[in-house]
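Working through the structure, step by step
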Amino acid sequence: MHTTNADISIEELSKIEGAASCEMKIRDGKLTECHFGIDEMRRFFTTAIRGKPVTGVPGAVARICGTCSNAHLLCSLKTIESAIGITPTSQTMILRQLLNFGLIIRDHALHLYVFVLPDLFNRDSILAFDEQNPQEHQLLHDCFDMKEAGNKLSIIAGGRSVHAPTPRIGGFSKIPKKEDLAALIPKLESSREKIIRLIGIFLKSDLKLETDASFLALVNHDFSFLDGVLTTSGGTAINPADVMVRLERTQLSYSQASSYKLDGKIHMVGALARLNLNRAALHPNTKHDAAEALSAFPSKNIFHNNLAQAIEILHAIDASIDLIHHYEALDEKIPESIKTEESVGIGIIEAPRGILFHRYEITPDATIRKAKIIVPTGQNQAGIEAAIRDWVQNNLDKSEEEIKKNVEMIVRAYDPCMSCASHFLKLKVER
Amino acid sequence: MDQKRLKVGWFTFSCCEDSTIIFTELLNQHYMDWKNKIEFVHAKVLQTHNRWEKMDVAFVEGAIASKDQEEKLKKIRSLATKLVAIGACACTGMPSAQRNHFDDATKEEIKVLLDAFSQADKVKTLEEVVPVDEKVQGCPMVESQFLMVLNKYLKEFKII
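Just so we're clear, the structure is a prediction, and the values are computed from it rather than from any experiment.

**Considerations on the overall build of chain B**
- The number of helices and strands found in chain B is 5 helices and 7 strands.
- In terms of C-alpha radius of gyration, chain B reaches 17 Å, essentially the compact-globule figure of 15 Å for 160 residues.
- Counting only C-alpha atoms and orienting by the principal axes, one finds that chain B spans roughly 60 × 30 × 25 Å.
- Going through the 160 residues of chain B one by one, you find that 45% of them count as buried.
- Here the analysis covers contacts within chain B between residues at least 6 apart in sequence; of these, 82% occur between residues at least 24 apart.

**Looking at the nonpolar core**
- Within the largest apolar cluster, 167 residues are counted, with the highest numbers of intra-cluster contacts made by A:Ile105, A:Tyr113, A:Ile199, A:Ile311 and B:Val60.
- By residue number, the principal contributor to this core is helix H4 (residues 90-120) of chain A, which donates 16 residues.
- Aside from chain neighbours lying at most four places away, what touches A:Tyr113 is A:Ile126, A:Leu139, A:Cys143 and A:Met146.

**What to know about the packing of helix H13 (residues 376-393) of chain A against helix H14 (residues 400-414) of chain A**
Residue and element names in this part refer to chain A.
- Taken N-terminus to C-terminus, the directions of H13 and H14 make an angle of 150 degrees; their axes are 10 Å apart at the nearest point. The angle between H13 and H14 places the two elements in the roughly antiparallel class. The two elements H13 and H14 cross, and the hand of that crossing is right-handed. Mapping the contact onto sequence places Asn380, Ile384, Ala387, Ile388, Trp391 and Val392 in H13 and Ile403, Asn406, Val407, Ile410, Val411 and Tyr414 in H14.
- Of the residues in the contact of H13 with H14, the class split is 10 nonpolar, 2 polar and no charged.

**Section: helix H5 (residues 143-156) of chain B**
Residues and elements named next belong to chain B.
- Given a rise of 1.5 Å per residue, 14 residues ought to cover 20 Å, and the 20 Å separating the end C-alpha atoms of H5 matches this to within 8%.
- By the burial criterion, the buried members of H5 are Phe146, Val149, Leu150 and Tyr153. What you see down the axis of H5 is that its buried residues fit within an arc of 95 degrees, all on one side. Turned more than 90 degrees away from the buried face of H5, the exposed residues are Ser144, Met148 and Lys155.
- Here the buried face of H5 lies against strand S1 (6-12), strand S3 (55-61), strand S5 (80-86) and strand S7 (134-136).
- With its phi angle positive at about 55 degrees, Lys158 sits one or two positions after the end of H5.

**Some thoughts on the interface of chain B and chain A**
- On the side of chain A, 32 residues touch chain B, which itself brings 33 residues to the contact.
- Counting residues per element, the ones that place at least two in the side of chain B that touches chain A are helix H1 (18-34), strand S4 (64-66) and helix H4 (104-116) of chain B.
- Top contributing element to the side of chain B that touches chain A by residue count: H1(B), with 9 residues.
- Residues that form the side of chain B that touches chain A fall into these classes: 14 nonpolar, 14 polar and 5 charged.

**Regarding the sheet that holds S1(B)**
Residue and element names in this part refer to chain B.
- Ordered by their spatial adjacency, 5 strands build an open sheet running S2-S1-S3-S5-S7, and the pairing between neighbours is parallel. With one partner strand each, in any of the chains shown, strand S2 (38-43) and S7 form the two edges of the open sheet. The mean angle between the axes of side-by-side strands here comes to 25 degrees, regardless of whether they run parallel or antiparallel.
- Packing against the sheet, H5 makes contact with S1, S3, S5 and S7, and its axis sits at approximately 150 degrees to S7.

**Brief notes about unusual backbone geometry**
- Of the consecutive residues B:Met94 and B:Pro95, the connecting peptide bond is found in the cis state with omega at 5 degrees.
- Secondary-structure assignment places B:Pro95 in the loop between helix H3 (87-92) and H4.
- B:Cys139 connects to B:Pro140 through a cis peptide bond whose omega is 5 degrees.
- Here A:Asp28, not a glycine, exhibits a phi torsion of approximately 50 degrees, which is positive.

**Considering the confidence of the model for chain B**
- Mean pLDDT for chain B: 93, with 99% of residues reaching 70 or above.
- Scored as a complex, the prediction yields pTM 0.93 and ipTM 0.90.

**Some points on the environment of A:Thr55**
Residues and elements named next belong to chain A.
- Structurally, Thr55 is set in the loop between helix H1 (45-48) and helix H2 (57-61).
- Overall, the presence of 14 C-beta atoms within 10 Å leaves Thr55 in the partly exposed class.
- Considered as a pair, Thr55 and Arg168 are 113 residues apart in the sequence and their alpha carbons are 7.8 Å apart.
- For Thr55, the contacting residues outside a window of four places in its chain are Ile169 and Ile338.

**Some remarks on the sheet that holds strand S10 (residues 267-268) of chain A**
All names here are of chain A.
- Here we have 3 strands laid out as an open sheet, ordered S7-S6-S10, and mixed in their pairing. The open sheet terminates on both sides in strands that have one partner only, identified here as strand S7 (229-232) and S10.
- Note that strand S6 (residues 214-219) and S7 share 4 bridges and pair antiparallel. Bridging from a neighbouring strand, Val219 pairs with Val229 of S7.
- Helix H9 (residues 271-278) rests against S6, S7 and S10 of the sheet, and its axis sits at about 70 degrees to S6.

Thresholds, definitions, all that
- Residues numbered from 1 in each chain as written.
- Chains lettered and ligands numbered in written order.
- Predicted model: local features only at pLDDT ≥ 70, side-chain atom pairs only at ≥ 80, totals over all residues.
- Helix = DSSP H or I, 4+ residues; strand = E, 2+ residues; numbered from the N terminus.
- Rg over C-alpha atoms; globule rule 2.2 N^0.38 Å.
- Buried ≥ 20, exposed ≤ 12 C-beta atoms within 10 Å, placed from the backbone.
- Contact = placed C-beta atoms within 7 Å.
- Core = buried A, V, L, I, M, F, W, Y, C linked by C-beta atoms within 7 Å.
- Axes fitted to C-alpha atoms, helices over the stretch in contact; angles between N-to-C directions.
- Parallel < 35°, antiparallel > 145°, perpendicular 65-115°, else oblique.
- Left-handed = near helix turned anticlockwise from the far one by under 90°.
- Nonpolar A, V, L, I, M, F, W, Y, C, P; charged D, E, K, R; others polar.
- Expected span 1.5 Å × (residues − 1).
- Arc of directions from axis to C-beta.
- Pairing = 2+ DSSP bridges.
- pLDDT = per-residue confidence, 0-100.

Take a look at the structure:
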């Protein structure tokens, strides 16, 4: 019981992508300070690419984050192509979608099975699941099978699941064979029952913490993650050129990463935002087999971000199977040279954790004059802090261990990526 | 599970964690083989309860960008019989060390941020801070090189 003053600290929060810190002060039984900060050592990518040829930029900015590297790669290609007036072929878009769906499957599976599931089963790690227990045994093997399915899809589509080497401006340097992609269909089909099993687990979970944040996502007709109209929860469309202005940046003294609010208010991006705003565009098979889970949306419960991610894995599987069937492996070449003039490109895609923005100013000699990148975790940072504050303020009577555990679960629900930021979360509570 | 297992730590400093992702993907194929041969004493990506104790092999990815990171790396070195640098940032510093090569004007531009968060003036490779026994190159690490090094130590520590 901590009803007056006390100090609690957690260091090295585990099972998240990267690192952050949270410091809280509790005085006279009240939470007087709550700072959630991201501690990643800045690596200055947007500075480093100034003056660099645009052809090398997608591969360079992919190194911002190993977890979401192909999202940065795809967003960078879209940004450059929008600036210099290249429209990718439909085959290029199929391959980019397959690369991205592989990322969605693998990345969401890592988050859900490896980071979140141990909390629900009161285990230290997915590797500590009891192989003698039929359900835990099944889930451990589902974890590896699901990640493998996503990993393989990205490898075949883009040459590698991390920092894919073959996607280029205007196309792919190597066209995957139709038979190699088609050979994945049985694995994708057999993955459906595994993810439906996981959807059932998250649907039954009674974890609940509601947010007042608005939601921001790309709305489109096919839930492609790569295109769409940027839309708020009120249904208002936002012009891409305006969004960099409307996203207000705050440099917090306790955080390496910049925090962003939309029109001065907290907003949330990611799977929950996408399901809230665009679930009508999910694949018909996904809508059929996840109907009960989809009835939970729209939702303000941040823990439904986990359920939303599981549904998105099913969609990624169903959509990929369709795309592979339509794929023809035409012998398309990438442009031999790139003609540019003074231009500005804006690229917006849905990375696994939400809206990712790249904006480049490009010179007539095809180099970067100026670059700006806004990552999903920067947008969710204020919401994570607010959610922690909300929960702790209402649970000051809980033990130190319970506070630590629940703060970690709240952070994990948002699936922050601190490589686009950090490496461990230090939680310090002063009472 | 009485069999002797290789005590392994997996640590990350300044980088994009791409090799951590490759490592978690290697588990898909290899975990059933490794579970009786490897004990993870420290691997934040996999488990909550991590221990600072003697270990056979520390795999370390990322470059060293602050005094605190230097001290932590030295601590890992003192606990690990063997230390393996994992991936480009750990082995060569790049691309995390790209700010080392900025011109003076750009260095001045970023100085306020470096100072505000106690980042070192220069980003270092692991080898510039502690002795390194092996390097697994690549961005991300080359899987076959990692497996070769791991198998070498499984034999050297008489696990297999």
